[in-house]
Amino acid sequence: MQHHFRCLAALLGAAILVTACGGDDSGDDKKQAKSFAQLDAFPSTYSIEQSKPVIIRNAIVLTGTGERLDNTDLVLEEGRIAKIGEKLRAPRDALEIDAKGKWVTPGLVDVHSHLGNYPAPAIESSQDGNEMTSPNTAEVWTEHSVWTQDPQFALALAGGVTTLQILPGSANLFGGRSVTLKNVPGRSVQDMKFPGAPYGLKMACGENPKRVYGGKGTAPSTRMGNVAGYRSAWIAASQYKEKWESYWENGGEAPERNLQLETLAGVLNDEILVHNHCYRGEEMAIMMDIAEEFDFEITAFHHAVEAYKVADLLAEQGVCAAMWADWWGFKHEAFDMTEANIAIVDQAGACAMIHSDSAIGIQHLNEEVAKAMTAGQRAGFDITPEYAVTWMTLNPARALGVEEETGSIEKGKMADVVLWSGNPFSVYSKAEKVFIDGELMFDLHDPARQPRSDFELGILNPEGERS
Amino acid sequence: MNTLNKLICPALALVLSAAVPNVVAETLLIKGGRVHTLAEAGTLPTGDVLIRDGRVEKVAPSIAVKADREIDARGKIVTPGVIAPVSEIGLVEIGAASSTNDYAVSGDSIGAAFDPLPAYNPKSTLIPFNRAGGVTRALVFPGIKMWGEGVGDPQRVFAGRSFAITLNGEFDSVVATDLAQKAYTGEAGSLLAGGSRANAIAKVRNALEEAREYRQNRDAIRSGQWRELNHSIDDLEALQPLIDGKQPLLLTANRASDIIAALDLARQFQLQLVILGAAEGWMVADRIAAAKVPVIIDAINNLPTAFESLGARLDNAALLQRAGVKVVISGPGYASTHNVYLARQSAGNAVAAGLPYEEALKSISRNVAEVFRIGGGSVEPGRVADLVIWSGDPLEVTSYAEAVLINGEPQSLVNRSTRLRDRYLKPQAGHEFGFKR
């Protein structure tokens with residue numbers, strides 16, 4: 001509890017990885033050396049420190065673990081949730097917040113965002129989210145595209161988002177590595193990197209890869225071409241992994257490093273999580289078979305419009321689905337939408353969550369969950385707000401491999417907390433205060449606590465900010 | 001009271017109406033709901049609405065009349081149906097499937113004369129879905145493709161003609177045609193006019209000038225005894241109602257200075273201007289109000305997505321309304337025309353950002369009807385009975401439409417979303433796979 005986050009990154013990084021990926025528990029140097037993830041190449045320099053303790057009194061707390069606690073106090077200290085209970089004593093010099101009639105949730109987690117790599121303003125020169133030059137660009141790391149001055153980060157913060165995964169785009173079978181960020185201002189992307197969070201690999205099914213590359217007269221131009229592309233790549237990655245393992249085992253001449261295969265081998269080695277853009281039920285079933293064939297895990301299907309069709313398979317395989325509340329119709333593979341999707345997947349026992357893929361949606365994840373919750377209730381399920389809140393907190397944290405650290409209000413976890421003006425599932429409620437690691441990063445009523453990126457200074461008004 | 005016809009819930013109303021197809025009930029009484037008339041009568045905390053032959057006959061705290069049918073709306077909210085101010089409903093089925101898209105033409109010089117009406121498909125899946133979301137009417141506009149090959153060639157900024165529909169899915173559901181024209185200025189206009197927004201304005205101006213010229217010299221022009229004009233006779237004909245001030249012109253404009261340029265143009269040609277977009281409308285709200293120009297805004301879009309919308313903010317609607325501008329809220333652009341019903345979520349967010357509640361309701365119904373002079377939009381005697389009975393506050397994301405009436409007729413709320421849900425939740429013979437807990 002005493003460690004600063006810089007230290008946490010180093011100390012806990014390996015541990016978090018292991019929890020996330022279900023590997024063995026060795027955190028020693030030897031294991032670290034036998035890694036494909038290259039975690040130290042662009043290490044997190046995240047360093048938010050809590051300036052003073054916080055006590056939030058008399059709130060209605062949705063814990064993110066399925067519970068609702070009324071008249072509850074929370075103490076945030078040294079970046080962590082220190083106490084949860086009734087009539088708690090304030091720590092010395094604490095920021096005291098009367099939350100009577102207000103609600104508290106964990107900081108929201110968006111598992112699918114393009115803030116920074118598709119920033120606003122969306123001019124061509126800054127559209128860096130998709131390396132559309134080859135169907136396999138597993139070698140790119142999207143953190144190298146993130147413009148930290150994207151003004152949309154602050155908008156998402158005002159919507160209560162404290163953690164978000166930035167993914168490369170979906171034109172490619174293998175789009176490259178994702179990066180998980182804490183939603184704080186930073187001069188470098190490393191300043192924002194969630195300490196110890198594992199990397200993700202973006203994969204894409206369906207229409208996009210075959211349209212983009214088929215349109216260029218190259219493979220893939222069909223869904224079967226997509227699948228051949230995945231399998232060929234996994235064959236190469238398996239061989240690459242074996243080569244390195246043999247080298248680690250037997251010594252000799254070191255194999256040549258290959259950035260593309262390194263990322264794929266990282267998946268095979270349970271270090272890197274697969275985040276798979278995949279709309280259709282039958283494609284999800286095929287992707288799960290490919291994972292079986294090459295012995296890796298798919299962490300989550302994203303944009304899983306048809307997840308409800310294969311909800312039982314997802315539950316069996318332990319694969320999460322990240323969904324929208326009601327988007328549909330923009331593509332054929334997004335045609336079979338039902339608003340009850342998230343609820344059905346959840347109630348079938350799979351890990352379900354909302355995701356945005358949108359700089360507007362990310363500001364209203366609470367409203368999107370409210371719609372999905374309502375659709376679930378109308379489908380006949382008993383889904384309460386304290387339950388549905390997990391769809392935007394603990395479940396996406398799980399999909400990012402950071403659920404030991406954030407995503408719920410539990411003692412000892414990062415103090416990523418949102419204080420809402422009312423029931424977060426009302427369109428009229430607003431995030432009033434957003435804490436990240438215990439520090440007040442956003443305050444609806446204090447302009448000094450409303451981050452402004454460099455871009456916003458002197459825009460529209462030379463002496464003011466953007467709007 | 002006729003107990004046979006006394007309906008205990010809106011869902012039952014549907015069952016009964018389905019049982020007697022094609023028979024318009026003479027009278028229908030909606031009892032005991034909270035009625036937002038959006039008209040002189042204001043809001044009735046509990047009120048009855050009597051409908052006769054598809055029109056509202058009476059709205060009062062209590063109406064003691066024996067109606068042919070009744071809907072119990074106690075504990076519910078009654079409002080006019082949502083009207084989508086801009087949509088491509090019936091002109092698109094799947095966004096990325098070009099064979100199902102009819103709202104835009106490329107590679108053709110037709111502009112203002114383009115009329116998408118013959119392409120309108122009342123059997124589109126977008127109709128039952130948005131109807132279930134509380135939308136009873138929609139304006140349908142063509143567009144100009146802003147991406148892909150051939151954008152800006154030929155250069156033209158007018159998208160074409162529009163029409164209005166009711167969302168009952170019937171073949172005769174087009175209720176009005178030639179309601180407005182749409183053209184692009186600002187960044188979109190620049191793209192379509194060779195690289196400068198100034199040229200987009202010049203193109204609009206030139207079209208209107210030639211339309212005037214045409215009106216004054218129709219015969220000579222039609223017989224070829226005139227100088228060569230930039231616009232076809234069809235286009236110039238289509239522009240006549242604009243220069244007569246009889247038909248609104250929707251101009252896309254987002255940057256404050258683009259809005260001013262549009263206002264100037266409107267003044268010069270005495271146009272009935274409607275600003276579409278107006279992301280920075282709040283910066284010039286007084287000027288828009290003084291010009292009595294309505295705005296159609298995407299109220300939930302606060303992104304500085306473009307340099308022309310750096311000033312985008314969530315209280316745009318509130319600030320514009322406070323300045324006296326008539327505000328219309330469209331479906332959120334990011335969710336596309338498939339989800340125009342989400343205008344009510346946008347309106348709810350606008351309320352959270354300061355727009356008065358009743359004004360927000362008007363922004364998605366009454367104001368739309370006024371701008372385009374179509375039916376619906378209020379619950380008052382003589383108005384067409386396009387009404388929605390909501391489970392709760394219609395601007396709340398947890399509320400939903402329990403009954404939708406179009407022309408006084410209760411509508412089916414079944415759609416592909418509910419069909420797919422039910423198929424996978426309740427596996428049945430021939431489709432055994434599905435939900436397993």
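Summarised in this report is the structure supplied together with it. Keep in mind the model is a prediction, meaning the values are calculated, not measured. (Residues numbered from 1 in each chain as written. Chains lettered and ligands numbered in written order. Predicted model: local features only at pLDDT ≥ 70, side-chain atom pairs only at ≥ 80, totals over all residues. Heavy atoms only, no water.)

### Describing the sheet that holds strand 14 (residues 352-354) of chain A
Residues and elements named next belong to chain A.
Thought 1: Spatially, 6 strands are ordered 8-10-11-12-13-14 in an open sheet, and the strand pairing comes out mixed. In the strand order of this sheet, the two ends are held by strand 8 (174-177) and strand 14, each with one partner. Adjacent strand axes in the sheet meet at a mean angle of 20° when their direction is disregarded.
Thought 2: Here strand 13 (residues 320-323) pairs with strand 14 via 3 bridges, running parallel. (Pairing = 2+ DSSP bridges. Helix = DSSP H or I, 4+ residues; strand = E, 2+ residues; numbered from the N terminus. Axes fitted to C-alpha atoms, helices over the stretch in contact; angles between N-to-C directions.)

### Thoughts on the state of the cysteines
Residues and elements named next belong to chain A.
Thought 1: Throughout the structure, instances matching the rule amount to 2 disulfides over all chains.
Thought 2: The disulfide bridge from cysteine 205 ends at cysteine 278, spanning 2.3 Å between sulfur atoms. Since a negative S-S torsion denotes a left-handed disulfide, the cysteine 205-cysteine 278 link at about -90° is left-handed. With cysteine 205 in the loop between strand 10 (200-204) and helix 4 (207-214) and cysteine 278 in the loop between strand 11 (273-277) and helix 7 (281-294), this pair connects stretches of sequence that are 73 residues apart.
Thought 3: The exposure class assigned to cysteine 205 is buried, which follows from its relative accessible area of 1%.
Thought 4: Note on cysteine connectivity: cysteine 320 is disulfide-linked to cysteine 351, with sulfurs 2.2 Å apart. Between cysteine 320 and cysteine 351, the disulfide has an S-S torsion of 95° and is therefore right-handed. With cysteine 320 in strand 13 and cysteine 351 in the loop between helix 9 (341-347) and strand 14, the pair connects residues that are 31 residues apart, well separated along the chain. For the residue pair cysteine 320 and cysteine 351, the accessibility class agrees, reading buried in each case. (Disulfide = S-S within 2.5 Å. Buried < 20%, exposed > 50% of the residue type's maximum accessible area, 1.4 Å probe, protein only.)

### Considering the sheet that holds strand 12 (residues 181-184) of chain B
Strand pairing in a sheet is mediated by backbone hydrogen bonds. Such pairs are either parallel or antiparallel.
All names here are of chain B.
Thought 1: Across the sheet, which stays open at both edges, the 6 strands sit in the order 9-12-13-14-15-16 with mixed pairing between neighbours. The open sheet is flanked by strand 9 (158-160) and strand 16 (327-329), the only strands paired with a single partner. Averaged over all pairs of adjacent strands, the angle between their axes in this sheet comes to 25°, without regard to strand direction.
Thought 2: With 2 bridges joining them, strand 14 (residues 272-277) and strand 15 (residues 295-297) adopt parallel strand pairing.

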